[in-house]
There are 4 protein chains.
Amino acid sequence: MKQPQQRIPVGVLGGTGMVGQHFIKFLRNHPWFEVTWVGASDRSAGKKYSEATAWRLDGTMPEGVRNLTVYECKPGNGAPRLMFSATDASVATEIEQAFANAGHVVVSNSKNHRMESDVPLLVPEINADHLKIVPLQRKNRGWSGIIATNPNCSTVVLTMGLAAFRPFGIKRVIVTTMQAISGAGYPGVASMDINANVIPFIGGEEEKMQVETQKILGDFSGDQIVPLSARVSAHCNRVPVVDGHTVTVSVELDRKPTLEELRSAINGYRGMPQKLGLPSAPAQPLVYMEANDRPQPRRDVERDNGMAVFVGRLRECPVLDYKFIALGHNTVRGAAGAAVLNAELMYAEGMLD
Amino acid sequence: MKQPQQRIPVGVLGGTGMVGQHFIKFLRNHPWFEVTWVGASDRSAGKKYSEATAWRLDGTMPEGVRNLTVYECKPGNGAPRLMFSATDASVATEIEQAFANAGHVVVSNSKNHRMESDVPLLVPEINADHLKIVPLQRKNRGWSGIIATNPNCSTVVLTMGLAAFRPFGIKRVIVTTMQAISGAGYPGVASMDINANVIPFIGGEEEKMQVETQKILGDFSGDQIVPLSARVSAHCNRVPVVDGHTVTVSVELDRKPTLEELRSAINGYRGMPQKLGLPSAPAQPLVYMEANDRPQPRRDVERDNGMAVFVGRLRECPVLDYKFIALGHNTVRGAAGAAVLNAELMYAEGMLD
Amino acid sequence: MKQPQQRIPVGVLGGTGMVGQHFIKFLRNHPWFEVTWVGASDRSAGKKYSEATAWRLDGTMPEGVRNLTVYECKPGNGAPRLMFSATDASVATEIEQAFANAGHVVVSNSKNHRMESDVPLLVPEINADHLKIVPLQRKNRGWSGIIATNPNCSTVVLTMGLAAFRPFGIKRVIVTTMQAISGAGYPGVASMDINANVIPFIGGEEEKMQVETQKILGDFSGDQIVPLSARVSAHCNRVPVVDGHTVTVSVELDRKPTLEELRSAINGYRGMPQKLGLPSAPAQPLVYMEANDRPQPRRDVERDNGMAVFVGRLRECPVLDYKFIALGHNTVRGAAGAAVLNAELMYAEGMLD
Amino acid sequence: MKQPQQRIPVGVLGGTGMVGQHFIKFLRNHPWFEVTWVGASDRSAGKKYSEATAWRLDGTMPEGVRNLTVYECKPGNGAPRLMFSATDASVATEIEQAFANAGHVVVSNSKNHRMESDVPLLVPEINADHLKIVPLQRKNRGWSGIIATNPNCSTVVLTMGLAAFRPFGIKRVIVTTMQAISGAGYPGVASMDINANVIPFIGGEEEKMQVETQKILGDFSGDQIVPLSARVSAHCNRVPVVDGHTVTVSVELDRKPTLEELRSAINGYRGMPQKLGLPSAPAQPLVYMEANDRPQPRRDVERDNGMAVFVGRLRECPVLDYKFIALGHNTVRGAAGAAVLNAELMYAEGMLD
């Protein structure tokens, strides 16, 4: 596999916000990438990163970024080729397109381009081949750059949890989420709303889970991404958990395997990141937990650097075929880590040359 | 309707435990019933209630019970005809049968007899007619008394939430619960297990929800209770909420009504307790909340004395027909209040004569 | 005592905000006062209260205010004589003075005027006589109206907790607070900040507790309020509790009574509201709890309509003389209820004539 | 400094319990010590560690201990010389003395021997010289072994927080704790007690903090440990935090330094573990945080492997001289890590030869 001789400079668009901070934290000691450039709103432009940023994450701001100058989110000013986008949805469309047009490879966590037919929506363990849509994207848009995206945080957990079921033909999925407060950014959810409470609604989340899941689990066929025709229904809830989205899933399959086959398929699942040995890839992307009360977000979410998805309680479903629990780290596997893994895949496939 | 001229003496079996305390609190100012007798383990027998009991509920122990003598859970010692059972499952079978055999009407919150074919499992708004099984029970068992039961706390919320769907033919139900810690009694769930966490397992709960729901929604036909043949699948979770079980439900129907028909059926739903004007009956048993993020346990659970069930977010389900949220108070509507409403129904129907 | 023949119309300045909602909720069934007028920002002016207000409190918006027209916070438009002020500190000075100047009696929860030497800072159980400063206020300011204030929420709990110590000469006080999230309004504290956490800082709170306590416990002497010369040191913390500020207090006295004298002084404490039988006055303003782990906010805060202060664990302090715990409801006794009690006192004393 | 050529075998008494698990987790990759022996109750004796233990901590049971045989807590069975004691207070006295008598060096986290005059109660950054009491202990008791202890978890945080004040003469201390639930072990605090609540009482905790602090801050003088005569008053509370005890402290000194001197003394503080470079010693044992709302338990407790104590908000106290916040990890710095650091110190000083 292609590996860099020296660390590749990267930028973070929206780098002073909460999602941007997750990128900067995740990339702190990355073996391939080094954050050398940060873009933010014009209010922050011209300041040092340490002045422009109220650091909200556990621990302290990484030393390497403290003295970086913050620029406006516009091409130029020495912006490196690879740009991670943590920009707000209200501005992401314009910013990401401007960078792609200027020749940058934009690896975005924003929702704006996810569902466009010529933009890959990647979970590298599942659909690394969706990168084949990139030539069409460039042709359609006249870009020398690229936009590639990762899914919504809860969608990542669901689709990873379903990955091992895919060979058996996923037909129908009903999922209920219990999502962590960190998924809402900062200040995000008011404590008066969530303390000792459940909020049974997250704006736009159910729709995103339903359509993104179909696209991710779809095939690249002909020269397009053909969404899976499976029907997906999501119930999304916020619960008073700090990190980690837990989902309960019932799934109907074309062909019903045994519990043993499934458990073995889960633990044995390996995708392209594992085959390539990408630096952020978990050795075992899906971990089946035997204890009948696991996984649990507070106890399990930090394992494997937050990049694996934990599955448990696989059992027969009286309505569909099987039901189970899945857990993933929403700000790592579901956001910054997802995008970085996408960029590693793209580098390994030569798309950053 | 039959109404008592003066308050009827009642006993509480297992009255010193957490569930028993909920009974005593709920009955504090009851217009029909007055707690005059408490049974507990032989360790407590002979003590005053106030000495035998570590009061765990909010507020203080009701004055009226402080000086009651605690007896062993055996017939005799002046035990009144109507006995509420809050006994632990490990001893409930024997105790409840002994009292029924001795002529007592045992209105039980315990799980032990719920699924026996000649024992009514009541949600009075739904299946008040299941009391017709009582003559068969007496005949089968040779009892001069009766055992009647209420469902598991999460089952009450689910079945009440489904009540208005029943005329449209319930075929398949997938439910995920987010259950409050008070459902596990005291000491119940360790704080190290649930603080800022989700526990995706509650022992025996899913099985109870699945079979109890079928029995409750079944018809009394011929001289038996015929469980509904609908398939029900439950995912049960504990979340860090004090009171109130929240459930997400997807349901498939024989005949799909419009959203408007359903909303109207929910708000307009009235059952036997409302028709009879039973004292613990909520005026409107099902309350549809229009706000897109309601009901919420901390904000809504105490409304209507904890006896109504709140429904929200009714919308199309891409997999089954409709999906929605329901919330109910697990220790009131799901336990003590449920049993008291059962007893009120039985009194009104002349079964305590 | 003076009692109204019919309910007196009152207004709420800042009535659409979180504090304003607490006023409206607290006054819902008030025997003397009826909310007939609401003032808010010009953004809300002209709307109905139900349209202008996102109701954040448990339960639903009181029917009586739903159709009130919201006005700008300016005298006129039929504003009644008695105005409760729940206005934000950024605008309270100007608004409250304008109303006092126009002849209104402004009973304010805002901090702005609390420490002015001619403004009473009232805890009616302690310093009802501080109302004697009103003539000086009117003379100084040339107002036909009045401004009277209640303390910061944590100060109320501390000073009430100290009330029974006052006859023994309070010399030095060290207090640590564990304050509820509802004290910060809405959206207030971000859940990412407080979930499973302690925030050891609340801006301006320690200073307020220190100086307000001295003023409240001071004497009206000559024609001025002479602050108590006791030294007070506060450590203020936010904890993940919904309602109820808990404080630990060590206190040094001029004359050290016995524990028995103190406990008896606490339970026997009665102030002017009790003597007058004001409608919001708790029968027993200070309640000593004997259990060694009480009071506790979640379990005790709603007792006595949130208007009593609960004291526990009174014991010798190895450094000062005694130490204890006190708990009070921050949005009731510490805010809306405090102001309403002030207004009741002022009415009973004839100051609303 | 003395360093081992190969890892030294160690045992853990009470190794299957919650505290024992913390020892085993903390020692997992320890450069000097290797857990080769586990003692527990006779109920567990004879089983493999993995069979005898319900692992309660985050992550999974370390591989190295899974197959260890569990023995009764009696000398013999190949028990190594160095034994960490995580035994319950109800049995610790007898067990620890039996091992010390049999020649073992018992490094105990239990409270039983802490306050005995010939037993060192160590915080190695503060009173490493208290080990000089060991010869007297051996002489008094006729032991070839040793018992050495670490303080109660909250005492560690307080005394470390006070360490830099010691040269200025500590006279009086008032401390309020906000303690994490993990301090109570498992199942420990019921969630019904602590969810969204404060419990203002922890049995025996205040007394321990008061006397242990005096002993730890005392001098070794003549041939005895002379407790500091400072007066200490503690208010101990449980709050819904997972890990990390936060304390507010007011302190009076013989000589009042400037704020600058103190901040500099805190950050510059180094004790014997730092001088010796002990493997578990934090490079900087006291870390002063400049942000006005830090330290916070959820955000800061895991820094520096949980072995540093974080101090913040140092400011003048209107009653005593200064006040501040301190935070430490109760199960690491306050328990397992404390004992391991003690053992490292004893090894470095040649007491394990």
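Heads up: the structure comes first, above all this text.
The following refers to the structure shown. (Residues numbered from 1 in each chain as written. Chains lettered and ligands numbered in written order. Predicted model: local features only at pLDDT ≥ 70, side-chain atom pairs only at ≥ 80, totals over all residues. Heavy atoms only, no water.)

What follows deals with the overall build of chain A. Across its full length, chain A holds 13 helices and 14 strands. A compact globule built from 353 residues would reach a C-alpha radius of gyration of about 20 Å, and chain A, at 19 Å, matches this within 12%. Going through the 353 residues of chain A one by one, you find that 65% of them count as buried. Of the contacts made within chain A by residues no fewer than 6 positions apart, 74% connect residues no fewer than 24 positions apart. Total accessible area computed for chain A in this model is approximately 11800 Å², and 46% of it derives from carbon and sulfur atoms. Each charge sign in chain A was given a centre, from 37 positive and 35 negative side chains, and these centres are 1 Å apart. (Helix = DSSP H or I, 4+ residues; strand = E, 2+ residues; numbered from the N terminus. Rg over C-alpha atoms; globule rule 2.2 N^0.38 Å. Buried < 20%, exposed > 50% of the residue type's maximum accessible area, 1.4 Å probe, protein only. Contact = heavy atoms within 4.5 Å. Areas by Shrake-Rupley, 256 points an atom, 1.4 Å probe, with all protein chains shown as cover. Lys, Arg positive; Asp, Glu negative; His and termini not counted. Charge placed at Lys NZ, Arg CZ, Asp CG, Glu CD.)

Residue and element names in this part refer to chain C. Compared with the 24 Å implied by 1.5 Å per residue over 17 residues, the 21 Å span of helix H13 (residues 332-348) between its first and last C-alpha is markedly short. Along H13, the sharpest kink reaches roughly 50°, centred on Ala338. Among the 17 residues in H13, 17 count as buried, and that is most of the element. Positive backbone phi, at 85°, marks Gly350, one or two positions downstream of H13. (Expected span 1.5 Å × (residues − 1). Bend = angle between axes of the 7 residues up to and from the residue.)

The interface is formed by 49 residues belonging to chain D together with 48 residues belonging to chain C. Among the residues chain D hides against chain C, the three largest losses belong to Pro200, Arg298 and Val319 of chain D. Together they make up 16% of the total. Across the chain D-chain C interface, the total number found is six salt bridges. The residue Arg313 of chain D makes a salt bridge to Glu206 of chain C at a minimum N-O spacing of 2.9 Å. In this structure, the connection of chain D to chain C is made through 35 residue pairs in polar contact (both at pLDDT 80 or more). Contributing elements (two or more residues each) for the side of chain D that touches chain C: strand S7 (170-179), helix H8 (191-194), helix H9 (205-216), strand S10 (231-238), strand S11 (245-253), helix H12 (297-300), strand S13 (309-316) and strand S14 (322-328) of chain D. (Buried area = accessible area lost by both parts, 1.4 Å probe. Salt bridge = Lys/Arg side-chain N within 4 Å of Asp/Glu carboxyl O. Polar contact = N/O pair within 3.5 Å; in protein donor to acceptor, adjacent residues only side chain to side chain.)

Before going further, it helps to spend a moment on the relation of the copies chain A and chain B. Overlaying chain A with chain B gives an RMSD of 0.0 Å, the required rotation being 180° about an axis along which the chain moves by 0.0 Å. Here the transformation between the copies is reduced to the relation of a two-fold axis. When the interface residues of chain A are mapped onto chain B, 100% of them again fall at the interface, so both copies present the same face. (Least-squares fit on C-alpha atoms with pLDDT ≥ 70 in both.)

With that out of the way, let us pick up the packing of aromatic side chains. Here the structure, examined in full by the defined rule, presents 28 aromatic pairs over all chains. With a centroid separation of 5.4 Å and 35° between ring planes, the pair formed by Phe23 of chain C and Phe84 of chain C is classed as tilted. Residue Phe23 of chain C is located in helix H1 (residues 18-26), and its partner Phe84 of chain C is located in strand S4 (residues 82-85); the two are separated by 61 residues in the primary sequence. Classification of Phe84 of chain C by relative accessible area gives buried; the value is 0%. Each residue in the set Phe23, Trp32, Phe33, Phe84 and Tyr347 of chain A is aromatic and connected to the rest through ring pairs, giving one cluster. Note that Lys256 of chain B overlies the ring of Tyr322 of chain B, its terminal NZ or CZ placed 5.3 Å from the centroid. (Phe/Tyr/Trp six-rings, centres within 6.5 Å; stacked < 30°, edge-to-face > 60°. Lys NZ or Arg CZ within 6 Å of the ring centre and 35° of its normal.)

Time to look at the sheet that holds S7 of chain D. All names here are of chain D. Overall, mixed pairing links the six strands, which are arranged S10-S7-S11-S14-S13-S12 in an open sheet. Taken across any chain shown, the strands that pair with only one partner, and hence form the sheet edges, are S10 and strand S12 (286-289). Across the sheet, the axes of successive neighbouring strands diverge by a mean angle of 25°, strand direction being ignored. As paired strands, S13 and S14 are joined by five bridges and run antiparallel to one another. (Pairing = 2+ DSSP bridges. Axes fitted to C-alpha atoms, helices over the stretch in contact; angles between N-to-C directions.)

So, about the relation of the copies chain D and chain C. Its rotation angle being 180°, the transformation that places chain D on chain C also includes 0.0 Å of axial translation and leaves an RMSD of 0.0 Å. Most of the interface of chain D is mirrored in chain C: 98% of its interface residues are interface residues there too.

Bringing the sheet that holds strand S10 (residues 231-238) of chain A into the picture now. Sheets are built from strands that pair by backbone hydrogen bonding, the pairs being arranged parallel or antiparallel. Residue and element names in this part refer to chain A. Taken together, the six strands give an open sheet; going across it, the order is S10-S7-S11-S14-S13-S12, and neighbouring strands pair in mixed fashion. Each having just a single partner strand, S10 and strand S12 (286-289) make up the two edges of the open sheet. This sheet shows a mean twist of 25° between the axes of neighbouring strands, independent of strand direction.

Here the focus is the pairing of strand S5 (residues 105-108) of chain D. Residue and element names in this part refer to chain D. Of the two faces of S5, the one holding Val105 and Val107 and the one holding Val106 and Ser108 are both buried throughout. Bridge count for strand S4 (residues 82-85) against S5 is four bridges, and the pairing is parallel. When the bridges of S5 are listed, Ser85 appears paired with Ser108. A crossover connection joins S4 to the parallel S5 through helix H4 (residues 89-101); in handedness this β-α-β unit is right-handed. The pairing of S5 with strand S6 (residues 146-149) spans four bridges and is classified as parallel. In the sheet register, Val106 faces S6, and the bridge partner there is Ile147. (Right-handed = clockwise from strand over helix to strand, strands pointing away.)

The next thing to look at is a negative patch on the surface. A cluster of acidic side chains, namely Asp58 and Glu302 of chain A together with Asp58 and Glu302 of chain D, defines a negative patch on the protein surface. Tracing the chain through its elements places Glu302 of chain D in the loop between H12 and S13. The class of Glu302 of chain D is exposed, set by a relative accessible area of 54%. (Patch = residues over 30% accessible without salt bridge, like charges linked within 9 Å, V, L, I, M, F, W, Y side chains within 5 Å.)

The subject of this paragraph is the interface of chain A and chain B. Taken residue by residue, the interface counts 48 residues in chain A and 49 residues in chain B. At the boundary of chain A with chain B, total buried surface from both sides reaches about 3900 Å², with 53% on carbon and sulfur atoms. Scanning the region where chain A abuts chain B turns up six salt bridges. Listing elements by their share of the side of chain A that touches chain B, those giving two or more residues are strand S7 (170-179), helix H8 (191-194), helix H9 (205-216), S10, strand S11 (245-253), helix H12 (297-300), strand S13 (309-316) and strand S14 (322-328) of chain A. The leading source of residues in the side of chain A that touches chain B is S10 of chain A, at seven residues. Across the side of chain A that touches chain B, the residue classes break down as 25 nonpolar, twelve polar and eleven charged. (Nonpolar A, V, L, I, M, F, W, Y, C, P; charged D, E, K, R; others polar.)

What follows deals with the packing of helix H7 (residues 153-163) of chain A against H9 of chain A. Two numbers describe a pair of packed helices, the interaxial angle and the distance between the axes. Residue and element names in this part refer to chain A. In the contact formed by H7 and H9, the axes pass within 9 Å of each other and the chain directions differ by 40°. Taken together, the axes of H7 and H9 are oblique relative to one another. Along this stretch, H7 crosses H9, giving a crossing that reads as right-handed. Judged by residue contacts, Cys153, Ser154, Thr155, Leu158, Thr159 and Leu162 of H7 engage Glu205, Lys208, Met209, Glu212, Thr213 and Ile216 from H9. Among the residues making up the contact of H7 with H9, the classes are represented as five nonpolar, four polar and three charged. (Parallel < 35°, antiparallel > 145°, perpendicular 65-115°, else oblique. Left-handed = near helix turned anticlockwise from the far one by under 90°.)

Take unusual backbone geometry next. Peptide bonds are trans in most cases, and residues, glycine excluded, mostly fall at negative phi. Of the consecutive residues Arg294 of chain B and Pro295 of chain B, the connecting peptide bond is found in the cis state with omega at 0°. You can see Pro295 of chain B is positioned in the loop between strand S12 (286-289) and helix H12 (297-300). Phi is positive for Asn305 of chain B, which is not a glycine, with a value near 55°. Assignment of secondary structure puts Asn305 of chain B in the loop between H12 and strand S13 (309-316). Phi at Asp304 of chain D takes a positive value of approximately 55°, unusual for a residue other than glycine. On the secondary structure map, Asp304 of chain D appears in the loop between H12 and S13. Classification of Asp304 of chain D by relative accessible area gives partly exposed; the value is 39%.

Time to look at the environment of Gln274 of chain D. Residues and elements named next belong to chain D. Residue position: Gln274 is located in helix H11 (residues 272-276). Among the residues examined, Gln274 registers a relative accessible area of 16% and is labelled buried. Sequence spacing of Gln274 and Ala148 is 126 residues, and the spatial spacing of their C-alpha atoms is 20 Å. Excluding its chain neighbours within four sequence positions, the residues that come into contact with Gln274 are Glu125, Ala281, Pro282, Ala283 and Pro285. Here Glu125 takes part through its side chain, which lies 3.2 Å from a polar atom of the side chain of Gln274.

Counted under the stated rule, the structure contains 56 salt bridges over all chains. Its salt-bridge partner being Arg172 of chain A, residue Glu252 of chain A comes within 2.9 Å of it at the nearest N-O pair. With Glu252 of chain A in strand S11 and Arg172 of chain A in strand S7, this pair connects stretches of sequence that are 80 residues apart. For Arg172 of chain A, a relative accessible area of 12% puts it in the buried group. In this structure, Arg294 of chain B and Asp300 of chain B form a salt bridge, with 2.9 Å as the shortest nitrogen-oxygen distance. In this structure Arg294 of chain B comes out as buried when scored by relative accessible area, which is 13%. Three or more residues joined by partner-sharing salt bridges are found here, namely Glu116, Asp118 and Arg141 of chain A.

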